[in-house]
Amino acid sequence: MQKKSLNSLTGKLILAIGAMMLIVGLVFAYVFIKQNPDIKLGVVLFYGGFFVITISFLLCIILYNLVTKPLSFLVDGMNKLSQGDMDYRINLKTKDEIGMLANSFNLMVEELRQYRDKMENWTKSLEEEVQKKTAEIVKAQEQLINAEKLASLGRMAAGVAHELNSPLTGIVTFAHLMMKRIPPENTQDAEDLKVIIDQAERCSKIVRGLLGFSRKTASEKADIDINTLIENILSMVRNQAKFYNIVFDVQLDKTIPAVSVDPNQIQQVFLNLLINAADAMEEKGKITIASRMITDGDSRFVEIEFTDTGPGIPEDIKGRIFEPFFTTKPAGKGTGLGLAVSYGIIKKHDGQIFVKSEQGRGASFFIRLPVVKTDRN
Ligand SMILES: Nc1ncnc2c1ncn2[C@@H]1O[C@H](COP(=O)(O)OP(=O)(O)O)[C@@H](O)[C@H]1O
Ligand SMILES: [Mg+2]
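Computed from a prediction, not measured in an experiment: that's the story for all the values here.

1. Re the site of ligand 1
Then comes step 1: Surveying the vicinity of ligand 1 reveals 19 residues, the closest of which are Asp308, Thr327, Thr328, Lys329 and Leu339.
Then comes step 2: Contact distances for ligand 1 include 2.9 Å between an oxygen atom and a backbone N or O atom of Thr335.
Then comes step 3: One nitrogen or oxygen atom from the main chain of Leu339 is found 2.8 Å from an oxygen atom belonging to ligand 1.
Then comes step 4: In isolation ligand 1 offers 530 Å² of accessible surface; the protein chains occlude 93% of this area.
Then comes step 5: The site holding ligand 1 turns out to be the largest pocket.
Then comes step 6: Mapped by element, the contributors of at least two residues to the shell around ligand 1 are helix H7 (263-280), helix H9 (338-348) and strand E7 (363-370).
Then comes step 7: The greatest single-element share of the shell around ligand 1, amounting to 3 residues, is contributed by H7.

Below, the structure is given as structure tokens:
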């Protein structure tokens, strides 16, 4: 404890001042006695000692307040800073060098605090950015896997269809020839053969659909106004019994630019979507058809939306509806090729087709067709 007090600045100051005053006091006492030999040594030492102790004491208090105390504030500040406390400020209002030192210290801590806050913000936004990008990558990967799966399924189905096409054509042709040779009175055979022909023709229809899915023939593209295409197809379906009880809400953006597409193929896609919507709604409800322009990064698309008020698509089959042969419809009603063919067509147009649906809340199919940059648009 004593060692510590001697090591402290105050202790050293007291020691130095005490020693100095002692020497000065002794010199004064000596000179005083020399000049006044009749005064007693005890009296001189008593008054001299009292004087020396009082002055030393006052000097110590002044020095403590001027130097040691402010310095201890600085030391406290440094300690707090080294422990990471950047909100601590040294409260010293003096204008001397120590006051200036405290002021510089406060400024430095404030700057450090600001840098720390900035770094913390950067780290936070960096983390958020990394999370966002990771989610985007995961989604893109899923889409890629899905696209790959659909493409390979499509190729496989197209291969099978190609192989089946000729034998099926043979079956239908020869069955027709046989039909002609059956005597009119043999009604039983004629009926059975009719079943064969019907079933074979149904197979042919599926096969033709599959071949359309992978058709290699160059599509005949032209600059098409999608709104006109939609109007055309609407006037076609409105007259069909399937759509009698369906209300159409048509919201077309008249300012969308023309897109380079094969009108027949795109019309087929739209028709597939309308028929699916009518099937889902059991032929009564509302179909909303909207067109609009959208920008995705540098690319611009014309987006067409088909929304129905049907039961929507359950989450567990949402990932499968674009697969060839996937259908939830009873045998004979659905082939499961409509969306697969539509997917193939839209991909060939460098476009996108996707669905948003919550079970019980209808389904929305979106098609995006790229707008090719020209001087006009
Ligand atoms: N608008 C829709 N609402 C609900 N389900 C739909 C809708 N469109 C398609 N689907 C689902 O996707 C499946 C596949 O559709 P698609 O490829 O056109 O084949 P298909 O119509 O022959 O069944 C349908 O059987 C149905 O389950
Ligand atoms: Mg369909």
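Resuming the write-up.
2. Some details on the environment of Gly285
Then comes step 1: Within the secondary structure layout, Gly285 lies in strand E4 (residues 284-296).
Then comes step 2: The class of Gly285 is partly exposed, set by a relative accessible area of 23%.
Then comes step 3: For the pair Gly285 and Gly11, spaced 274 residues apart in sequence, the C-alpha to C-alpha distance is 96 Å.

3. Remarks on the packing of aromatic side chains
Then comes step 1: As enumerated under the stated definition, the model contains 6 aromatic pairs in all.
Then comes step 2: With 5.2 Å between their ring centres and 15 degrees between their planes, Phe354 and Phe366 make a pair best called stacked. Here Phe354 is found in strand E6 (residues 352-357), whereas its partner Phe366 is found in strand E7, with 12 residues between them in sequence.
Then comes step 3: For Phe354, a relative accessible area of 21% puts it in the partly exposed group.
Then comes step 4: In textbook terms, an aromatic cluster arises when at least three aromatic residues are bridged by ring pairs, as seen for Phe322, Tyr343 and Phe365.
Then comes step 5: Stacked on the ring of Phe366, the Lys or Arg Lys356 has its end atom at 5.1 Å from the ring centre.

What counts as what
- Residues numbered from 1 in each chain as written.
- Chains lettered and ligands numbered in written order.
- Predicted model: local features only at pLDDT ≥ 70, side-chain atom pairs only at ≥ 80, totals over all residues.
- Heavy atoms only, no water.
- Near = heavy atom within 4 Å.
- Polar contact = N/O pair within 3.5 Å; in protein donor to acceptor, adjacent residues only side chain to side chain.
- Areas by Shrake-Rupley, 256 points an atom, 1.4 Å probe, with all protein chains shown as cover.
- 1 Å grid on protein atoms, 1.4 Å probe; cavity = no way out; pocket = protein on both sides within 12 Å on 5 of 7 lines; lining within 4 Å.
- Sits in = over half its atoms within 2 Å of the grid points.
- Helix = DSSP H or I, 4+ residues; strand = E, 2+ residues; numbered from the N terminus.
- Buried < 20%, exposed > 50% of the residue type's maximum accessible area, 1.4 Å probe, protein only.
- Phe/Tyr/Trp six-rings, centres within 6.5 Å; stacked < 30°, edge-to-face > 60°.
- Lys NZ or Arg CZ within 6 Å of the ring centre and 35° of its normal.

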